[in-house]
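Remarks on the overall topology
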Amino acid sequence: MGSKERNHPPKVRITLLKEKHIPRMIEWRNQPEIREHQPIAQLSHDQFLNFIHSQKSPHFWKLADREYILIIEEVTGGQPVGWMTLEISSQQHGLARLGYSIGKEHWGRGYATAAVRTLLVQLFTKTAIMRIEADCSVHNPTSVRVLEKCGFRKVGIKKEYLVINGRRVDHYYYELLKKNFK
Ligand SMILES: CC(C)(COP(=O)(O)OP(=O)(O)OC[C@H]1O[C@@H](n2cnc3c(N)ncnc32)[C@H](O)[C@@H]1OP(=O)(O)O)[C@@H](O)C(=O)NCCC(=O)NCCS
């Protein structure tokens, strides 16, 4: 655990993507550092608006089988620092998939770890989600660290899983079961 996080774990809150966040989302998704280890489709302002209108539930834990974009805000100043994607793969079976990114200007301060932990607590206490999966490029040790700090278990490798910047990249496949979350 890093000294910053150990001494001053940041407090974050998670909200659904709103219209006011769109300019930051577009800016972050253009950052080469954010695109280095994950495939990111750039969306226009209108495409984000359509996405927002499709996120019908005012409370993201009242979930239907679909994908949500969640904004990570630091509690003290209220500024957005990054986002997460939450895909409810199956309500019936309690399955979800998780992704996350932090604006490069906020890296290394424990925000990703705090946000993932916050979301896991909400999912495992307020929803029927029983199992969460995440994939991570084998070339992304920072993300590996975030997942393992949050209790995810490495299951295996998906060879040549995703195309990132024109090359097929191996990914680690992680899982976390509700019964193993501390
Ligand atoms: C991955 C990412 C979300 C991490 O965000 P963050 O807020 O900086 O993460 P945290 O500060 O919570 O934790 C980072 C951890 O990785 C560690 N770390 C950083 N660089 C590392 C490296 N090269 N090797 C190993 N660990 C590393 C940090 O020390 C810290 O661990 P610690 O608390 O034990 O010291 C951020 O770098 C990012 O958005 N990257 C681009 C998008 C991306 O890769 N998303 C994930 C796709 S799977």
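Residues numbered from 1 in each chain as written. Predicted model: local features only at pLDDT ≥ 70, side-chain atom pairs only at ≥ 80, totals over all residues.

**Focus: the overall build of the protein chain**
The following threshold applies: Put simply, DSSP H or I for four residues or longer makes a helix, DSSP E for two residues or longer makes a strand, and each gets a number counted from the N terminus. Note that the radius of gyration is over C-alpha atoms, with the globule rule given as 2.2 Å times the number of residues to the power 0.38. Residues are called buried when their C-beta atom has 20 or more other C-beta atoms within 10 Å, exposed when it has 12 or fewer, and partly exposed otherwise; all C-beta atoms are positioned from the backbone.
When you go through the protein chain residue by residue, the secondary structure sums to six helices and seven strands. Starting at the N terminus and walking to the C terminus, you meet the elements of the protein chain as α-β-α-α-α-β-β-β-α-β-α-β-β. Taken over the C-alpha trace, the protein chain has a radius of gyration of 16 Å; the compact-globule value for 182 residues is 16 Å, and the two agree within 12%. In terms of its C-alpha atoms, the protein chain occupies a principal-axis envelope of roughly 40 × 35 × 35 Å. Relative to its full complement of 182 residues, the protein chain shows a buried share of 26%.

**Overview of the environment of S90**
Selection criterion: Working definition of a contact: two residues with C-beta atoms, positioned from the backbone, lying within 7 Å.
Within the secondary structure, S90 sits in strand β3 (residues 80–90). Judged by local crowding, S90 falls into the exposed class, with 12 C-beta atoms found within 10 Å. Sequence-wise, S90 and I132 are 42 residues apart; in three dimensions their C-alpha atoms are separated by 11 Å. Beyond its immediate sequence surroundings of up to four residues, S90 is in contact with D65 and L95.

**Details of the sheet that holds strand β5 (residues 131–137)**
Within a sheet, neighbouring strands are paired by backbone hydrogen bonds and run either parallel or antiparallel to one another. As a reminder of what qualifies: Strands were regarded as paired on the criterion that DSSP finds at least two bridges between them. Angular values range over 0 to 180 degrees, each being the angle between N-to-C directions of two axes fitted as lines to C-alpha atoms, with helices fitted over their stretch in contact.
Here seven strands make up an open sheet; going across it, the order is β1-β2-β3-β4-β5-β7-β6 and the pairing mixed. Looking at strand neighbours, the two that pair on one side only are β1 (12–16) and β6 (153–164), the edges of this open sheet. Strand-to-strand twist across the sheet, computed as the mean angle between neighbouring axes with direction ignored, equals 30°.

**With respect to the nonpolar core**
Keep this limit in mind: We define the nonpolar core as any set of buried residues of the types Ala, Val, Leu, Ile, Met, Phe, Trp, Tyr and Cys, connected via C-beta atoms lying within 7 Å of each other.
Counting 37 residues, the largest nonpolar core has L70, I72, M84, L98, Y111, A115 and V116 as the members making the most contacts within it. Secondary structure elements with two or more residues in this core: α2 (22–29), β2 (67–74), β3, β4 (95–102), α5 (111–126), β5, α6 (141–149) and β7 (167–177). Counting residues per element, this core draws most heavily on α5, at eight residues. For L98, the residues in contact, after removing those within four places along its chain, are M84, L86, V116, I132 and A134.

**Section: the environment of T85**
Mapping T85 onto the fold places it in strand β3. For T85, a count of 14 C-beta atoms within 10 Å puts it in the partly exposed group. It is 11 Å that separates the C-alpha atoms of T85 and L119, two residues lying 34 residues apart in sequence.

**A look at the environment of R168**
By the secondary structure assignment, R168 is in strand β7. On the basis of neighbour count, R168 is assigned to the exposed category, with 11 C-beta atoms found within 10 Å. A sequence separation of 83 residues divides R168 from T85, and the C-alpha atoms of the two residues are 22 Å apart. Ignoring sequence-local partners within four residues, the contact set of R168 consists of E160 and V163.

**Observations concerning the confidence of the model for the protein chain**
Under the convention used in this document: A score between 0 and 100, pLDDT records how confident the predictor is in each residue.
This prediction gives the protein chain a mean pLDDT of 92; 93% of its residues lie at or above 70. Counted against residues more than four places away or in other chains, residues 1–5, with its pLDDT under 50, gives seven contacts.

**Let's talk about the pairing of β5**
To keep it simple, the criterion reads: A crossover counts as right-handed when, viewed with the strands pointing away from the observer, the path leading from the first strand over the helix to the second turns clockwise.
Across the two faces of β5 the burial differs, with I132, A134 and C136 buried and R131, E133, D135 and S137 not buried at all. Summarising the sheet, β4 and β5 pair through three bridges and their orientation is parallel. Bridging from a neighbouring strand, A96 pairs with I132 of β5. Read as a crossover between parallel neighbours, the route from β4 over α5 to β5 is right-handed. Bridge analysis of β5 against β7 gives seven bridges, and the strand direction is antiparallel. Looking at the pairing, C136 lines up with Y172 of β7.

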